[in-house]
Every structure is written in structure tokens, then in C-alpha cells.
Amino acid sequence: MSGRTIAEKILQNHSVKKGEPVKAGDILFCTVDFLMSHDATAPMAIKAFENMGGTKIFDPSKMVLILDHATPAPYERIANLQSMMRSFAKEQNIKFIEGGEGVCHQIVVEQGFLKPGELVLGTDSHTCTYGALGVFATGVGSTDMAAAMYTGKSWFKVPETIKVTLKGSLRRGCSAKDVILKTAGVIGADGANYRSIEFYGEWIDSASLSDRLTLANMVVEMGAKCGFPCSPDLGVCADDDAQYLMNVEIDLDALSPMVARPHAVDDVCSVSEVNDVVIHQAFLGSCTNGRIEDLREAAKILKGKKIADGVRLIIAPASRQVMLKAMEEGVLQSLIEAGGAVFTPGCGVCVGTHGGVPADGEVVLSSSNRNFKGRMGNNKALIYLASPATIAASVLKGRITDPRELEEYR
Amino acid sequence: MKLQGHAVKYGDNISTDLIIAGKHTKTLNVRDLADHAMEDLDPAFGRRISGGGILAAGSYFGCGSSREQAPVALKEAGVLFIAAKTFSRIFYRNAVNIGLPVVECDTDAISDDDILEYDVGAEVLRNITQKKELAVTPLPEIMVEILKEGGVVPYIRKYGGF
């Protein structure tokens, strides 16, 4: 029998039928280690849980409920749904994270809820972010969450795995975001649908946790169920003779700063190909690029300068911890002095549910992960995705700008 | 469980943001969800799908967010089932979980207003108008069982778990 991928190993270890060999394509019933749900999806999960006869969740210590999609509540309907979540968490003795603490995925990582090798479900497609911690984590809907809350189990189709080898090292001005946008361009928005992705390469081995989170965060933009930046310290590894569906190689030495054009994440090109595009709004934040490392990168470029006339810069730190650190370091001060407007840590701007909605025909440059039509709350706006450095350079010039155009990057 | 209705045809890569925008998802009132289904793509969707419509689409239907409000909005708007060349993983599962059948087949052989017929779990979808039988990618057994019960909620109520 051939070796196993990370996805095959973790699912096999959690299968209720012990000891049976597992291969891609098998359907397994597995026990889950941890559940995460937030205010956009938890109310529906709680309702489904009650409708299926649930009274007590299988293990309250294995779940967290987080308010992050529209906080502080913008109107009464949302306030009441959030209130329902507070009551449910209290009744069930489930960990509860109040609005303002930050984006769910950042909180789960910061709080250290997870360990390598675990199997985790979240009612958010970017739950795959925890792959950076060696966790098989995947997004599900509210009813799957309800069933897992009730039974402690779920069913899984074991995914095939794509192996992505990142060769060489990153040039100045490039970041993890440019790597994952390039990868999305190569694999395609549905190229990893139902699949797992394992990333390898020297750059991964030395990349920061923040960079690895950015990579794992966006595997779902290629349709992937889960993804793993495979460094030796990931805490879980594939067998040497594991079977891969396909191998993809990306040459980092040849990479330049990238953008994804509206309205598809895989419509990518070099920043230089779109550097005449005038922008109206920029967003720095999200589970993809709202960490302290991202804010520092932008502040390095914006410190002591002013953003261009006609451009709005919105910043939503990924968490309270990130925001406090950014304050301590003077990073937030630099961003605000340059003209940035700071929003409560959370998801609202990225997902068009709270704050920062663009007007008809406006161009937005965003550090988030999605540029679907209508994503930020207006289907007549145009969203480009880019790295924090590209965003900072672009708000200075008022048009999409390669950070290497700036003196300090030459 | 034989389902028959008229096709309403759309293209490729229809995201959950287009099926229902994030700003409309914060409610437990499923009628509110249905009122906004597909509105950014086709303001006439509600009228076209009513009276037992079947949503036919191209590749990668339902990509993006894990919001279950997307299949719920479609089901409540009157969609009997969805036929597409391929589906995004999370949407596919969510649709089955709420009892909305999904059929993977070559939808190039379906035009607007064709009368389609599908029996949940069957190997073919019948295009009655064009007198064609379209091969359907088989569903895993667990999904057929869930659909036959009308979704995961009734399934678990009946069996007490998986």
C-alpha cells in the first residue's frame, strides 16, 4: 500500500471505523475535535440543532461562538441574532467571543484552541486557514455544523491532493499574498475543488506563521477543502511515497507583485500590467492580510506620507491583539496620520455586511481574499486583490502601483 | 421522489455572493432570503423560477462562501432542483443537507424552458422537451439517504445521528 497524504492521515485517524486503510475518494464518518461558528451562520446552525432534537451539544469545551461579521451590530435584526448567540453560548456553556475581538480565524489561532493533526469544522469557508497549524480544517454550512454539535461527528469524502512546490525565494516587494494569487492563477478558481493542497519549498520552511496563514487561508479560492504549508515544524507530515493527483511548480524567483482583477480570483496579472487603474478605495484587513505583519508592511511605506486625494483607506486589524500591538509600535498612528480610517476588528468590510461599501463604478483594491461581483456590498463596484505592500504603494499614488516603484523598495 | 419542472438557465461560476449577497443573509426568515435570491444576476429570477422551476447552470455553481442561506434562498424561491456541470464543494453539500437536490450533468443539453425530470438518486436526468437522457454523476449513498429524508434535520430526527 502506498503512503498517505496529510488529509488521508488525519481523516483516517478520526474515522469511527478504526484501522481500515483510507484512500482518496472514500467516504468516512469521523469524530471532530473542534467547532467554530460566527454570527453570519451560527443562528441558522442553532435553529437546525434545535430542530433536529438537540438540547445539549456533544462537548461544550470543543466549540467556540464568535461575533465578527457585523459588529458592533449595525441594526436591530443583527443585534437580536447576536443576542440569541450570547444566550445559546451561556445556556450550553460554550466559549463565546464578543464582537470587537476580531476575525474568527485570527482569534482561533491567537487563542491556541487547536493542535496539529486535529479535525475541525467551521461555518466559514476560510476555516481552511488552520491548515497552517497542521489541522484538517474545512468550511461547512449551518446544518453540517448543527449535526456535528449534536453528534460530535460528520462525514467526509477523502480528498485527492495537489502538491505545489514553490521553488526559490521571494524577491523584494513580494509577499505570501503574491504567492497565493499566482498559485490561484495557475491552478484556477475551481482547480482544487474537492481537493487538498500541500505546499512545499525552502521559502515555506522559513516563512512566518502569518505568511503560512495567508497561504492556507486562500486555498478555498481554488475550491480546496483544506491546505497545508508543509514545513518540517508543521507537526504533521505526508508519507514520502504519498500519492498526488498532480504536481504544480511555481518559480518564486520570477514572481513579481500580483493582483487579481474583477471579478475572479484566478484572473491574475502582474501589478505592472494594471498600473494605470485609478482606485477610489483600499482595504487593509481580513483573515488573509489583517495581521500585525501586514499592518507593519503598510506602515513602513505610509509613515510620514499622505494618501492621494480621492482615495479612501480603510483599515480593520484582524483582532484586538493585532490592533493593540499596532498601537504600541506606532504602526496604527502612521496609518491614521497618512489618512487611513480604522474600523472595528472583524469581517464586515470584506464581506459587505458592515462598513466600507463602495459606490457604483468605484474601484477597490483589497487585501482580502475575494473579488466576486457584489462581494463588498455593491455589485457595480470593481474589486482588485493585492498584498499589503501593493495597497500601501497604491494609496500613495492613487492608482494601482507596484511597491518597487517607490524609492524605499528600489 | 420524481421532480419535474421547467429550466431557467444561467452561466458559469455563479458565486454565493451572487446567489444571495452577504448583506441580506442576516435573518432567520427564509422568505426574506428568497426575496433576494439571484437578484444581482437576474432581477426577474423570482418570477422566472416560480411554479416549479429548475435552475440549470454551467460550471462551478455556488463557489465562494459557506453560507447555507444560498441554497435555502433558492429552495424557498421555488427551485425544485439544481442542474450544473459542476458544483462548488460546500454549496453541493449544503444543498443536499437542506433537502435541495443537486444534479451534476452536461447542462449544455438544456435550454431555457425545457421540461426536465429527475428522480433523486437516478443515473439520468430526462430532458423531455429535447427527448434526451443526460448522464448524472452518482451521489454518495449517504447523500441519497439524506435527500430521501428531506435533509439532515429530518434524517437525524429519524436515525438519531449518522
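Here, the structure is the one placed above.
Residues numbered from 1 in each chain as written. Chains lettered and ligands numbered in written order. Predicted model: local features only at pLDDT ≥ 70, side-chain atom pairs only at ≥ 80, totals over all residues.

Trainee: How do you make sense of the interface of chain B and chain A when you look at a structure like this?
Mentor: Interface extent is often summarised as the accessible area lost during association of the parts. Between chain B and chain A, the residue contacts involve 37 residues of the former and 47 residues of the latter. Elements represented by at least two residues in the side of chain B that touches chain A include exactly α1 (16-19), α5 (89-97) and α7 (152-159) of chain B. Per-element tally for the side of chain B that touches chain A: the top contributor is α5 of chain B, with five residues. A per-class count over the side of chain B that touches chain A returns 13 nonpolar, 15 polar and nine charged. (Contact = placed C-beta atoms within 7 Å. Helix = DSSP H or I, 4+ residues; strand = E, 2+ residues; numbered from the N terminus. Nonpolar A, V, L, I, M, F, W, Y, C, P; charged D, E, K, R; others polar.)

Trainee: Please clarify how the environment of V186 of chain A should be interpreted in this entry.
Mentor: Residues and elements named next belong to chain A. Within the element layout of this structure, V186 appears in helix α6 (residues 176-187). For V186, a count of 14 C-beta atoms within 10 Å gives the class partly exposed. In this structure, the C-alpha to C-alpha distance between V186 and M222, residues 36 residues apart in sequence, is 9.7 Å. If we ignore the near neighbours within four places in the chain, the residues touching V186 are V248 and I250. (Buried ≥ 20, exposed ≤ 12 C-beta atoms within 10 Å, placed from the backbone.)

Trainee: In this structure, what is going on with the pairing of strand β2 (residues 53-57) of chain B? I would like to understand it.
Mentor: One face of the sheet, then the other: side chains in a regular strand alternate in exactly this way. Residues and elements named next belong to chain B. Taken across its five residues, β2 has five buried, putting it largely inside the fold. Strand direction decides the pairing type here: strand β1 (residues 2-9) and β2, joined by four bridges, are parallel. Bridged to K9 within β2 is A56. Note that β2 and strand β3 (residues 79-84) share four bridges and pair parallel. (Pairing = 2+ DSSP bridges.)

Trainee: How should I be thinking about the sheet that holds strand β3 (residues 63-66) of chain A in this particular structure?
Mentor: Each strand in a sheet pairs with another by means of backbone hydrogen bonds, the pair being arranged parallel or else antiparallel. Residue and element names in this part refer to chain A. Spatially, the five strands line up as an open sheet ordered β4-β3-β2-β5-β6, and their pairing is parallel. Each end of this open sheet is capped by a strand with a single partner; those strands are β4 (95-97) and β6 (136-139). Ignoring strand direction, the axes of neighbouring strands in this sheet form an average angle of 15°. Taken together, the four bridges between strand β2 (residues 34-38) and β3 define a ladder with parallel strand orientation. Bridging across to β3, M36 finds its partner in V64. (Axes fitted to C-alpha atoms, helices over the stretch in contact; angles between N-to-C directions.)

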